[in-house]
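# Structure assessment
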Amino acid sequence: MDNSVTSIIEMDKKARAVSEEAEKKAEAILADAKKKKESLAKENADKLAAEADKRFAELRAASDKEIAAAEKSAEEKCSILDEKMSAGKAAWKKEITERILSFDR
C-alpha cells in the first residue's frame with residue numbers, strides 16, 4: 001500500500017511538472033504570437049504610410065502641373081488684354097473725350 005501511495009504521488013508530481021511545462025510553453029507561444037502580431041501591425045502601418053506618401057506626392061505633382069498650366073493661361077489672357085488696352089487706349093480716350101465734350105453742348 002505504501003508503494004501504491006508513493007507511486008500515485010510520483011505520478012501526481014510528474015503530471016504537475018508536465019502541466020507546468022505545458023503552461024510555460026503556452027505562455028511562450030502566446031508571447032511570441034503577440035510580438036509577431038505587433039510586428040505585422042507596424043509593418044502594415046509603415047506600408048500604408050509609404051503608400052499614402054507616394055500617392056500624396058503623385059497628387060501634389062499633378063496639382064502643381066495643373067496650377068502651372070492655369071497660371072500660364074491666365075498670364076496669356078492678361079497679356080492679350082494688356083495688348084488690346086494698349087492698342088485701343090488712344091482711340092478710347094479720344095472717343096470718351098469727344099462724347100463728354102459733345103454732351104455739354
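Figured I'd write up the structure that's included with this text.

Rules and cut-offs
- Residues numbered from 1 in each chain as written.
- Predicted model: local features only at pLDDT ≥ 70, side-chain atom pairs only at ≥ 80, totals over all residues.
- Heavy atoms only, no water.
- Helix = DSSP H or I, 4+ residues; strand = E, 2+ residues; numbered from the N terminus.
- Rg over C-alpha atoms; globule rule 2.2 N^0.38 Å.
- Buried < 20%, exposed > 50% of the residue type's maximum accessible area, 1.4 Å probe, protein only.
- Lys, Arg positive; Asp, Glu negative; His and termini not counted.
- Charge placed at Lys NZ, Arg CZ, Asp CG, Glu CD.

All right, on to the overall build of the protein chain then. A count of helices and strands for the protein chain gives 1 helix and 0 strands. Computed over its C-alpha atoms, the radius of gyration of the protein chain comes to 44 Å, more than 25% above the 13 Å expected for a compact globule of 105 residues. Taken over the C-alpha atoms alone, the protein chain extends approximately 145 × 25 × 5 Å along its principal axes. Buried positions account for 1% of the 105 residues belonging to the protein chain. The average position of the 23 basic charges and that of the 24 acidic charges among the side chains of the protein chain differ by 4 Å.

With respect to the secondary-structure elements, Asn44 resides in helix 1 (residues 2-104). Taking the relative accessible area as the measure of exposure, Asn44 reaches 45% and is therefore partly exposed. Between the C-alpha atoms of Asn44 and Lys93, which are 49 residues apart in sequence, the distance is 70 Å.

Purely spatial values, then, with no claim about function.
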